[in-house]
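Spelled out, the chains give:
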Amino acid sequence: MENNILSCEHVSMKFGGLVALNDISLNVVKSSITGLIGPNGAGKTTMFNVVTCNLKPTMGKVIFEGKDITGYKPYKIVPIGMARTFQNIRLFENLTVLENIMIGFANKVKYKLFEPILKTPRFLKQEKETKNKAYELLEKINLKEKAHLKATGLSYGEQRKVEIARALATSPKLLLLDEPAAGMNPNEKIALMYFIKEIKDSFNLTVFLIEHDMKFVMGICQKIYVLDYGAKIAEGTPEEIQKNPKVISAYLGEANVKS
Amino acid sequence: MNRNVILTIFSIILLFVFLYYASHHFSKYTIIILNNIAITMILAVSYNLINGITGQFSLAPNGFAAVGAYTAALLSLTPAQKQAMFIIDPIMPILGSIHLPFLPALIVAGLVTAFFGFILGFPVFRTRGDYLAIVTLGFGIVIDIVANNAITITNGPLGLKGISNYTNVWWSYGWLVFTIFVVMSIINSSYGRAMKAIRDDEDAAIAMGINTFKMKMIAFIVGAFFQGVAGGLLAHLITTISPTLFTFFLTFNLLVIIVMGGLGSITGTVISTIVIVWGSELLRVFDQPMHIFNFTTPGIPGLRMIIFSLLLIFTMLFAREGIMGKKEFSWEWLFSVIKGGKKNGK
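The shown structure was predicted, so the numbers you read here are calculated from the model rather than taken from an experiment.

(A) Quick peek at unusual backbone geometry. In this structure, A:Glu179 takes a positive phi of about 45 degrees despite not being glycine. Among the structural elements, A:Glu179 can be located in the loop between strand 7 (174-178) and helix 6 (186-202).

As structure tokens, this is what we get:
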């Protein structure tokens, strides 16, 4: 148990009569890459929203580093070390790449509202630090020369990278990625796979991701949970999942299992 | 960095030299328009902070300006004046005896308005969506009704008269420079970036750990403070205030200004305030009878508004995001334009 950075205990989520999640328990082991897969409408994103406190589960608990965070305000999970990205990239469109990254550092800023007006030394120092750190981060993802472009001026793959970098700016312990490979071609997917592995090691992260693409998940995750119709149908290593008849039937239909 | 500070200070000094010249050589009519520009600009710049920068659609400025104007006026009028003015019902005893100099009166007006902003914002910003527009629209109407009926405080539809004419170009432009300085300082800090983040994508802003409620409250309350001050300045410029002065039309005018200048651009707001306030004075010729060659057109009151609408339509056609979009003026930009111009010249 000590090794789990995140654990969900018997989480259920009901919207009126619809049971979106039914008694789901899962653990994310520290410095692992864990995946959550399932067909459309399985409840993956609902699970993510529960974990990130955007939804309060009807039953069950979400525990992050031994602390019960169920019912936290969603912005409060960032200071304790969780950061997320979105399924459809959600950068701040009217801001530059640099400003996008700088917003990631927002919760580390300590100065008060009157300080920018009086231009106190603390304000000037922290602004400079934030800018330098943002440049450093951009250098690490090889986008420094595009710092002053508008976020929407980048290619899709680059935007995805910026979004992940923006999440990294909050210095998370656990990075939650919602379908990071959605809408990418095979080459971009492979590049992204290496990118995620690379940042996981260099930033000392734990990664928890939702994905549709089986190949991607199998190539990157150490442990996989499978959801179908709001219930957990399997968990295990990629090899175990690939052989699991329940998973195959959920993805391909009953008929394919027997053959 | 240093060069820019020097240039900014220099241009502010230049502005005040111009104002010194203006106050001695220009006609009284022009001076009033200059004051009007400054006060409208304070209202518009602070309005842009919540509408353009933070992206929360508020319709509060007329209510806020009314609160500020009445507060400042009641504080700066002498007890004897107030006694004489309240003929329907006597003034509330506490208000009747208070008397403050101009600057404290303005600051108190700002603080009272900010407090109203707090009361309005606190419940509204707990929800998401367009509730702010509805609540602030209602606020303006409530203030109008209160001003008409709370006779012991506002003197009802008779309004307040004989307010000392304290507002001159120094007061109005002093406050204008201060407003722009404060608003720009907030925009160019972590607070401003958080506000812009909320405008662009609230969910993503939350995921970055931004306390969106707090940021919206800050933008709204800071805006309310300056709108209250602007209301106070206005009261001491025209010396007579009544509920009819602060109808929704005031908010509508400001909305036109900030949209035309570019939502989210303070530079744009400054430019479009000058264009619209000065322009609507210049266009007054169209309201009077005109002699074109041998024809004499009859004076049609309101013709200038039609021409004005045409101008607005053209702005919408050719500058979708307003004059400045979301860009701001910077000295770097100016220098690059000058250098670019020289290169082209060669």
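Right, picking up where we left off after that structure.
(B) Layout of the interface of chain A and chain B. Every contact between the two is made by 24 residues of chain A and, on the other side, 24 residues of chain B. For the side of chain A that touches chain B, the elements supplying multiple residues, two or more each, are helix 2 (97-104) and helix 3 (114-118) of chain A. It is helix 2 of chain A that contributes the most residues to the side of chain A that touches chain B, four residues altogether. Of the residues in the side of chain A that touches chain B, the class split is 15 nonpolar, four polar and five charged.

(C) Region of the structure containing the pairing of strand 9 (residues 223-228) of chain A. All names here are of chain A. Among the six residues in strand 9, five count as buried, and that is most of the element. Of the strand pairs in this sheet, strand 3 (residues 33-37) and strand 9 are connected by four bridges, and their pairing is parallel. Across the sheet, residue Gly35 finds its bridge partner in strand 9, namely Ile224. Taken together, the five bridges between strand 9 and strand 10 (residues 231-236) define a ladder with antiparallel strand orientation. By the bridge assignment for strand 10, Leu227 is matched with Lys232.

(D) Fine view of helix 1 (residues 44-51) of chain A. Residues and elements named next belong to chain A. Most of helix 1 sits out of view: seven of its eight residues are buried. Buried within helix 1 we find Lys44, Thr46, Met47, Phe48, Asn49, Val50 and Val51. Backbone geometry just downstream of helix 1 places Cys53 in the positive-phi region, at approximately 65 degrees.

(E) Focus on the sheet that holds strand 4 (residues 59-64) of chain A. Residues and elements named next belong to chain A. On the basis of which strands lie adjacent, the open sheet formed by four strands has the order 2-1-4-5 and antiparallel pairing. Looking at strand neighbours, the two that pair on one side only are strand 2 (18-29) and strand 5 (67-68), the edges of this open sheet. Bridge count between strand 1 (residues 4-15) and strand 2: eight bridges; the pairing is antiparallel. Bridging from a neighbouring strand, Cys8 pairs with Leu26 of strand 2.

(F) Spotlight on the environment of B:Arg128. All names here are of chain B. Mapped onto the fold, Arg128 is located in the loop between helix 6 (102-124) and helix 7 (131-149). Arg128 sits in the partly exposed class, given 13 other C-beta atoms within 10 Å. When the C-alpha positions of Arg128 and Gly302 are compared, they lie 39 Å apart, and in sequence the two are 174 residues distant.

(G) How the structure looks around the packing of helix 3 (residues 61-76) of chain B against helix 13 (residues 248-261) of chain B. Residue and element names in this part refer to chain B. Look at helix 3 against helix 13: their axes get within 7 Å of each other, and the N-to-C directions meet at 120 degrees. As far as their axial angle goes, helix 13 and helix 3 are oblique. Between helix 3 and helix 13 lies a crossing whose hand is right-handed. Listed contacts from helix 13 to Pro61, Asn62 and Ala65 of helix 3 are Phe248, Leu250, Thr251 and Leu254. For the contact of helix 3 with helix 13, the class distribution of residues is five nonpolar, two polar and no charged.

Each value, and the rule that gives it
- Residues numbered from 1 in each chain as written.
- Chains lettered and ligands numbered in written order.
- Predicted model: local features only at pLDDT ≥ 70, side-chain atom pairs only at ≥ 80, totals over all residues.
- Helix = DSSP H or I, 4+ residues; strand = E, 2+ residues; numbered from the N terminus.
- Contact = placed C-beta atoms within 7 Å.
- Nonpolar A, V, L, I, M, F, W, Y, C, P; charged D, E, K, R; others polar.
- Buried ≥ 20, exposed ≤ 12 C-beta atoms within 10 Å, placed from the backbone.
- Pairing = 2+ DSSP bridges.
- Axes fitted to C-alpha atoms, helices over the stretch in contact; angles between N-to-C directions.
- Parallel < 35°, antiparallel > 145°, perpendicular 65-115°, else oblique.
- Left-handed = near helix turned anticlockwise from the far one by under 90°.

None of the figures reported here should be taken as evidence of function without further support.
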